[in-house]
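This is what each chain is made of:
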Amino acid sequence: MTTSLIQEKFASIRKGLLEFLILKIIASDKVYVADMLRRLSTTEFATQEGTLYPLLSKMRREGAVDYEWQESDAGPPRKYYKLTARGKSQLDELTDYWAYINQTLDNLGLGQG
Amino acid sequence: MQKVITINLNGNAYQLDEQGYEVLRAYLADAEAQLSGNPDASEIIRDLEQSIAEKCLRLLGPGKTVVTPAEITQILREIGPVETTGNGSHPTPSAAAPAPKRVYQIREGAMVSGVANGFAAYFNIDPTIVRVAFVVAAVVEMTEYDRPPVLAIGLYLLLVFLVPYAKTSEERAAAQGASAGLPYKLQNAVEKVKAKFDGLHHKAH
């Protein structure tokens, strides 16, 4: 349902929200990159490894996530990501702010701004 | 007959023909360019290589040992180009950078044409210093070289001719400029002078 209008007006917002969504996904479960891609693939935020790897490495550098190597049934070991304490607090802060933005959007135009 | 190239992706060997190899090589070169300056560049490249390797592995079996160019192209399309988010280690300077400072002639408060005034604004110094420098250059030329100050005055006239006037308020603001951006008007002017000089030089021969 991504029209060209949405593409034009919301491209940078959707891009900017990706980090927030990744925090959410990692918070819910211990995941590796293919899991994240799969979960996002059916949403408005479908993305690719080429975008995700640099983002995850930045988040790790900022201390929000960490990974550990884990053997897989098929193929080579995989990096499983998890949130650090800092990542959890980032997620809480962003979630609160997101709720606040939504509230603003709902209230705007109703006469009390 | 196609030549087959064996590559090593994260410790596993795969076979590509020449065309497929070229596609993969170009992709990885581009990824590295995108990640230049990123402290985790080599780790990200390793992650990408492993991902490519896993996808190759899925395509190969007992009767199939070579990944075709079409297959590697499809794999790389799935993975997508390496994109950095911009707010990390890979800053995109253009967006936030203030307008570049430029050299203009400024009429307001000018003694002759506003050249000294403009350069003074550019370097954020007193215009008198620039004027004195011109006069000193002229005097040195006269005393040291025993000739009329053709170079000093010639240079001044050239600048009058080449450096644009700050006509609009935006241009006056750019002349004062808060940033130490690229002085490309100056650079332009220098290049024009050089070009003219070269022209003269050629004519002289």
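Source: prediction; values computed, not measured.

(A) Summary view of the overall build of chain A. Helices and strands together make up the secondary structure of chain A, namely 4 helices and 2 strands. When the elements of chain A are put in sequence order from the N terminus, they spell out α-α-α-β-β-α. Of all 113 residues assigned to chain A, the portion counted as buried reaches 36%. When contacts within chain A are restricted to residue pairs at least 6 apart in sequence, those whose partners lie at least 24 apart make up 48%. With the model as given, the accessible surface of chain A reaches about 6,900 Å², and the carbon-plus-sulfur share is 54%.

(B) Structural context of the pairing of strand β2 (residues 12-17) of chain B. Residues and elements named next belong to chain B. With 6 bridges joining them, strand β1 (residues 4-9) and β2 adopt antiparallel strand pairing. Along β2, the bridge assignment pairs Thr6 with Gln15. The turn joining β1 and β2, which pair antiparallel and follow one another in sequence, is formed by 2 residues; a positive phi near 50 degrees is taken by Asn10. In terms of strand pairing, β2 meets strand β3 (residues 66-67) through 2 bridges, oriented parallel. Looking at β3, one finds that Gln15 is bridged to Val66.

(C) Representation of the nonpolar core. Membership of the largest hydrophobic core comes to 48 residues, with the highest contact counts inside it found for Ile22(A), Ile26(A), Met36(A) and Ile52(B). The next biggest cluster of nonpolar side chains, apart from the first, holds 11 residues, and it includes Val103(B), Ala116(B), Tyr122(B) and Tyr156(B).

(D) Inspection of the sheet that holds β3(B) at higher detail. Residues and elements named next belong to chain B. Reading across the sheet, the 3 strands line up as β1-β2-β3 and stay open at both edges, with mixed pairing between neighbours. Of all strands in the sheet, those with a lone pairing partner are β1 and β3, marking the two edges. In the packing of helix α2 (residues 41-59) onto the sheet, the strands contacted are β1, β2 and β3, and the crossing angle to β1 comes to about 125 degrees.

(E) The arrangement of a nonpolar patch on the surface in detail. Residue and element names in this part refer to chain B. Among the surface-exposed residues, Phe123, Ile125 and Ile129 lie close enough to one another that they form a single nonpolar patch of about 290 Å² accessible area. Residue placement: Phe123 occurs in helix α5 (residues 115-123). Judged by its relative accessible area of 48%, Phe123 falls in the partly exposed class.

(F) Layout of the interface of chain B and chain A. Counting residues at the interface gives 24 residues for chain B, matched by 19 residues for chain A. Where chain B abuts chain A, roughly 1,700 Å² becomes buried across the two surfaces, and 45% of that area is made up of carbon and sulfur atoms. Linking chain B to chain A there are 6 salt bridges. With its nearest N and O atoms 2.7 Å apart, the salt bridge here joins Asp47(B) to Lys79(A). Taken together, the connections running from chain B to chain A amount to 14 residue pairs in polar contact (both at pLDDT 80 or more). At the level of elements, α2 and α3 (69-79) of chain B are the ones that each hand at least two residues to the side of chain B that touches chain A.

(G) Expanded view of the side chain of Asp47(B). Along the chain, Asp47(B) falls in helix α2. In this structure Asp47(B) comes out as buried when scored by relative accessible area, which is 9%. Not counting chain neighbours up to four residues away, the residues in contact with Asp47(B) comprise Tyr53(A) and Lys79(A).

(H) The packing of aromatic side chains, seen in detail. Residues and elements named next belong to chain A. One pass over the full model with this rule turns up 6 aromatic pairs over all chains. Seen from their ring centres, Tyr67 and Tyr81 are 5.6 Å apart, and the 65 degrees between their planes marks the pair as edge-to-face. A residue pair is termed long-range when its members are at least 10 positions apart, and Tyr67 in strand β1 (residues 65-70) and Tyr81 in strand β2 (residues 78-83) qualify at 14 residues. The exposure classification of Tyr67 matches that of Tyr81, with both residues buried. With a centroid separation of 6.1 Å and 35 degrees between ring planes, the pair formed by Tyr97 and Tyr100 is classed as tilted. Of this pair, Tyr97 and Tyr100 both sit in helix α4 (residues 85-107), 3 residues apart, which is roughly one turn of that helix.

Thresholds, definitions, all that
- Residues numbered from 1 in each chain as written.
- Chains lettered and ligands numbered in written order.
- Predicted model: local features only at pLDDT ≥ 70, side-chain atom pairs only at ≥ 80, totals over all residues.
- Heavy atoms only, no water.
- Helix = DSSP H or I, 4+ residues; strand = E, 2+ residues; numbered from the N terminus.
- Buried < 20%, exposed > 50% of the residue type's maximum accessible area, 1.4 Å probe, protein only.
- Contact = heavy atoms within 4.5 Å.
- Areas by Shrake-Rupley, 256 points an atom, 1.4 Å probe, with all protein chains shown as cover.
- Pairing = 2+ DSSP bridges.
- Core = buried A, V, L, I, M, F, W, Y, C linked by side-chain atoms within 4.5 Å.
- Axes fitted to C-alpha atoms, helices over the stretch in contact; angles between N-to-C directions.
- Patch = residues over 30% accessible without salt bridge, like charges linked within 9 Å, V, L, I, M, F, W, Y side chains within 5 Å.
- Salt bridge = Lys/Arg side-chain N within 4 Å of Asp/Glu carboxyl O.
- Buried area = accessible area lost by both parts, 1.4 Å probe.
- Polar contact = N/O pair within 3.5 Å; in protein donor to acceptor, adjacent residues only side chain to side chain.
- Phe/Tyr/Trp six-rings, centres within 6.5 Å; stacked < 30°, edge-to-face > 60°.

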